[in-house]
Amino acid sequence: MIDATRRFVMAGLMALAVAGCAAKAPAGPNGEPLQKLAVVTASGEHPFWVEIADEEPERQRGLMFRPPLGDDRGMLFQWPGEAPREQSFWMRNTPSSLDILYIDPKGRIVSIASHATPFSEVPIPSNGAANGVLELRAGRAAEIGAKPGDRILHPYFKP
């Protein structure tokens with residue numbers, strides 16, 4: 001009887017430990033919880049944890065003065081309530097190269113700027129209307145086979 005009770009208590013403690021670990025999203029540099037996002041390409045669904053830049057100060061700062069992103073990390077820029085339009089990004093004060101994916105309101109990739117030059121102030125246009133921009137570590141888009149027309153899965157986009 002004591003052995004069965006001990007096993008039951010241990011199983012309960014293990015379940016609580018697993019549930020506690022699974023429920024917590026990783027945190028960004030300021031302690032904010034990151035959000036799940038996936039890029040769906042011909043090679044499958046590729047998960048990422050992203051910071052959200054949905055207010056003007058966050059969008060202006062972006063990844064300036066930051067170390068390189070990890071393989072599973074990114075920053076998603078959003079313009080809630082605004083119509084999609086031609087977007088343009090630059091790399092001012094951004095020390096590491098990035099891939100910049102411009103995204104339409106339905107979550108389709110409009111264009112990809114690969115290996116954007118660190119610290120450059122040259123505008124990088126979206127070449128089409130976009131209301132979302134995903135920044136990833138340089139080369140990551142090619143590694144997962146991302147191309148224009150591929151899908152981004154995130155609640156911000158409405159397929």
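Observations regarding the pattern of salt bridges
- Within this structure, the stated rule accounts for eight salt bridges.
- Of the charged contacts in the structure, one is a salt bridge between Arg66 and Glu51, with a shortest N-O distance of 2.4 Å. Taken together, the residues Arg66 in the loop between helix H2 (56-61) and strand S3 (73-78) and Glu51 in strand S2 (residues 44-53) connect sequence positions 15 residues apart. With respect to burial, Arg66 and Glu51 carry one shared label: buried.
- Arg85 is the partner of Glu82 in a salt bridge, and the nearest nitrogen-oxygen pair spans 3.8 Å.

What to know about the packing of aromatic side chains
- A complete count under the given rule lists four aromatic pairs for this structure.
- Relative to Phe89, the ring of Trp79 lies with its centre 6.3 Å away and its plane at 75°, an arrangement referred to as edge-to-face. Of the two residues, Trp79 sits in the loop between S3 and strand S4 (85-89) while Phe89 sits in strand S4, which places them ten residues apart along the sequence.
- You can call Trp79 buried: its relative accessible area is 6%.
- Taking the centre distance of 6.1 Å and the plane angle of 90° together, the rings of Phe89 and Tyr102 count as edge-to-face. Note that Phe89 is positioned in strand S4 and Tyr102 in strand S5 (residues 98-103), a separation of 13 residues in sequence.
- Classification of Tyr102 as buried rests on a relative accessible area of 0%.
- A connected cluster of aromatic rings, assembled from ring pairs, spans Phe77, Trp79, Phe89 and Tyr102.

What to know about the confidence of the model for the chain
- Looking at the chain, pLDDT values average 89 and 86% of them are 70 or higher.
- Of the regions scoring below 50 in pLDDT, residues 4-13 engages in zero contacts with residues more than four places distant in sequence or in other chains.
- With pLDDT under 50 throughout, residues 15-19 is counted as low confidence; its partners more than four residues away or in other chains account for zero contacts.

About the thresholds
- Residues numbered from 1 in each chain as written.
- Predicted model: local features only at pLDDT ≥ 70, side-chain atom pairs only at ≥ 80, totals over all residues.
- Heavy atoms only, no water.
- Salt bridge = Lys/Arg side-chain N within 4 Å of Asp/Glu carboxyl O.
- Helix = DSSP H or I, 4+ residues; strand = E, 2+ residues; numbered from the N terminus.
- Buried < 20%, exposed > 50% of the residue type's maximum accessible area, 1.4 Å probe, protein only.
- Phe/Tyr/Trp six-rings, centres within 6.5 Å; stacked < 30°, edge-to-face > 60°.
- pLDDT = per-residue confidence, 0-100.
- Contact = heavy atoms within 4.5 Å.

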